[in-house]
Amino acid sequence: MLELKDIKFSVTGADEPNNNVTRTIIDGISFKFKKGKFYAITGPNGSGKTTLAKLIMGINQVTSGSILFDGKNITKQSITDRAQGGIAYSFQNPARFKGITFRDLLVIASGTEDEEKLVEILRRVGICPLDFLDKPVDSKLSGGEIKKVELATTIARNPKLAIYDEPDTGIDLWTIEPMVNLLKKEQEKYNTTTIVVSHNKAFLEAADSLLLIKDGKIAYTGDLEGAEPILKDLSVCGFGEICEGEDNAECFR
Amino acid sequence: MLNALDKKLLKAVADLEEIPKGSYNIRKNGKLLGREISANIIIDTNKEGTGIVVTIKPGTVNESVHIPVIVSQTGLHDVVYNTFIVGENSDVTIIAGCGIHCGESKSLGHEGIHEFFVGKNAKVKYVEKHIAMGDGTGKRTLNPVTKVFMEEGSHVEMELTQLGGVDEANRLNEANLGTKSSLLVAERVLTDYQQVAVSKNEIVLAGQDSRANFISRSVIKGNSRQDFYATLEANARCFGHIECDAIIMDNGVNETIPALRAHHPDAELTHEASIGKIANDQLMKIMSLGLTYDEAVNWIIQGFLK
């Protein structure tokens, strides 16, 4: 349902510390996502995971290559077009507003002002109490609360493809399991193709398939078991010798 | 008695479809158009004949008074002095506002100078909307002044709104807060084209345990300009906060100058101010919910000024 064909993304100049130096962030990724499957994108910090997710949503436009969605070339489409076409996106650091309530966001996300339908979405997402609806989505919301808002507005879109960028950031440990269950339930019940960018093992275990991104390339695709040796390799600290020294020092990280 | 244009202006400034129920005073082109008083709210023309005195009896609860002004006579600059005497323990809503319609090339405007004397433990909600419309090229000016004197334990909420159409606005708000009184001001101003709006605010926290919260939201479009000054002066143990946010679009210009003056060791004064474009992450979020760029801008601005 979603096909990435040799997509590349590079930045030049102003965004970079060294002007006019081009840095390639996504370096020729090709992949076919199947309808109704659950994918986890993982990899080291700075490997290009979030950038890849943003390229799919159109938040950044690819430098080269193409993106097909349900057989249609959406490479040049805006965020709006892609959203209207059935792609929804959950931001890692959700925007905070002034004067906007959760209800306001949910109304545009779901396209209905009907109280009953809005409450139904809250139930579907597992948000209570109901007075949460009229909370302002401003800087006073906690990290966990704003992530719930983000999740709810994504699910309220009834998307064909849902992308979640690190949905567990700022969420307490006890909430991660229900969140994984929610995304799995959405995937199974509505046949939502789901892509989760995460380091969290709970999401990696829930995924049908894993994409391991390293240096802007796919380093591995397949199940978690096959990825484990590479993941382990990536998590081994390369600074042991400098940090721990020769005697008695220990890494407490 | 009300023509179509009057109705349109009244609807815009006071949400009135018809002549309101309860007490009211409607002023059109510098003259009295209609007045109604109630048992508890008396409206008299002042001695000088330059405005009205609204007297609210002590203990008046759940009543409202409408005092809209409409100006459509070309070249007219209407100046009015209104005084509100709010009795102890009352709880009332005052709905003011001015609608200007300019159909020609001559300028026209309105200056409403309002003084409020709010008695002990009285609660007042004051809603004021300013709007200007019409195809004329004449300059539309609105220079409102509000002075509020608050006695012990009183509470005043002011909603001051000017959303478009006014070419020049010079606003002055002054408040003096007595012991345990509290004031909440929410000001929302949108300017566009070559419009200029200046808002000056002087709030004196005179009484012990008085509280003031001033919220200002500005949207500056086109080549317009808005200047915002707010001063909180504390002369007793008190709490005061100023929050002023401005969104700049196009070539808008904004100066925001909050000032805090603590003349008492137990004064607690804070302010936060921000000026900037609509944040990119907000636009991305709203577009990812299916709105176009322009729709997203509009939606964010409407929420900001709500």
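Preceding this section is the structure that the text describes.
Residues numbered from 1 in each chain as written. Chains lettered and ligands numbered in written order. Predicted model: local features only at pLDDT ≥ 70, side-chain atom pairs only at ≥ 80, totals over all residues.

S.K.: Requested: an account of the overall build of chain A, with residues and values cited.
M.R.: Within chain A, the secondary structure is distributed over nine helices and ten strands. Counting only residues that meet the buried cut, chain A has 36% of its 253 residues in that class. Look at the contacts in chain A between residues 6 or more apart in sequence, and 67% of them connect residues 24 or more apart. (Helix = DSSP H or I, 4+ residues; strand = E, 2+ residues; numbered from the N terminus. Buried ≥ 20, exposed ≤ 12 C-beta atoms within 10 Å, placed from the backbone. Contact = placed C-beta atoms within 7 Å.)

S.K.: Could you give an account of the overall build of chain B, naming the residues involved and the relevant values?
M.R.: Check the secondary structure of chain B and you find three helices and 20 strands. Compactness check: chain B gives a C-alpha radius of gyration of 20 Å against a globular reference of 19 Å for 306 residues, within 12% of the reference. Projected onto its principal axes, the C-alpha positions of chain B cover 55 × 55 × 35 Å. Counting the 306 residues in chain B, one finds 43% classified as buried. (Rg over C-alpha atoms; globule rule 2.2 N^0.38 Å.)

S.K.: For the packing of helix 3 (residues 102-110) of chain A against helix 4 (residues 115-125) of chain A, give the residues involved together with the corresponding values.
M.R.: All names here are of chain A. Their axes nearest at 11 Å, the elements helix 3 and helix 4 cross at an angle of 95 degrees. Here helix 4 runs roughly perpendicular to helix 3, going by the angle between their axes. In this structure, helix 3 uses Arg103, Leu106 and Ser110 to contact helix 4, whose residues at the interface are Lys117, Leu118 and Ile121. Class assignment for the residues of the contact of helix 3 with helix 4 results in three nonpolar, one polar and two charged. (Axes fitted to C-alpha atoms, helices over the stretch in contact; angles between N-to-C directions. Parallel < 35°, antiparallel > 145°, perpendicular 65-115°, else oblique. Nonpolar A, V, L, I, M, F, W, Y, C, P; charged D, E, K, R; others polar.)

S.K.: Mind laying out the interface of chain B and chain A, listing which residues take part and the relevant values?
M.R.: Contact residues are listed per partner, giving 16 residues for chain B and 20 residues for chain A. For the side of chain B that touches chain A, the elements supplying multiple residues, two or more each, are helix 2 (280-287) and helix 3 (293-304) of chain B. Ranked by residues supplied to the side of chain B that touches chain A, first place goes to helix 2 of chain B with five residues.

S.K.: Tell me about the nonpolar core, and please be specific about residues and values.
M.R.: The biggest cluster of nonpolar side chains holds 133 residues, and the ones touching the most others in it are Ile41(A), Ile56(A), Ile87(A), Ile163(A) and Val124(B). The residues contacting Ile87(A), other than those within four sequence positions of it, are Ile56(A), Met57(A), Phe69(A), Arg82(A), Pro159(A), Leu161(A) and Ile163(A). (Core = buried A, V, L, I, M, F, W, Y, C linked by C-beta atoms within 7 Å.)

S.K.: Describe the sheet that holds strand 7 (residues 91-101) of chain B, naming the residues involved and giving the relevant values.
M.R.: All names here are of chain B. Taking strand neighbours across the sheet as the criterion, the ten strands line up as 2-1-5-7-9-12-14-16-18-20 in an open arrangement whose pairing is mixed. Every other strand in the sheet has two partners, leaving strand 2 (31-36) and strand 20 (267-276) as the edge strands with one partner each. For this sheet, the mean inter-axis angle between neighbouring strands, taken without regard to orientation, is 5 degrees. Where strand 14 (residues 182-191) lies against strand 16 (residues 210-220), ten bridges are found, and the strand directions are parallel. Across the sheet, leucine 183 pairs through a bridge with alanine 212, a residue of strand 16. (Pairing = 2+ DSSP bridges.)

S.K.: Tell me about the pairing of strand 17 (residues 225-234) of chain B, residues and numbers included.
M.R.: Relative to strand 17 of chain B, strand 15 (residues 196-205) of chain B is paired through ten bridges, and the arrangement is parallel. Across the sheet, Ser199(B) pairs through a bridge with Phe228(B), a residue of strand 17 of chain B.

S.K.: How would you explain helix 5 (residues 143-156) of chain A if you had to name every residue and give the values?
M.R.: Residue and element names in this part refer to chain A. Compared with the 20 Å implied by 1.5 Å per residue over 14 residues, the 20 Å span of helix 5 between its first and last C-alpha is a close match. Extensive coverage of helix 5 is indicated by the burial of eleven of its 14 residues. Restricting attention to buried positions, one finds in helix 5 the residues Ile146, Lys147, Lys148, Val149, Glu150, Leu151, Ala152, Thr153, Thr154, Ile155 and Ala156. In this structure, the buried side of helix 5 is in contact with strand 6 (87-90), helix 3, helix 4, strand 7 (161-165) and helix 6 (173-190). Positioned one or two residues after helix 5, asparagine 158 has a phi angle of 50 degrees, which is positive. (Expected span 1.5 Å × (residues − 1).)

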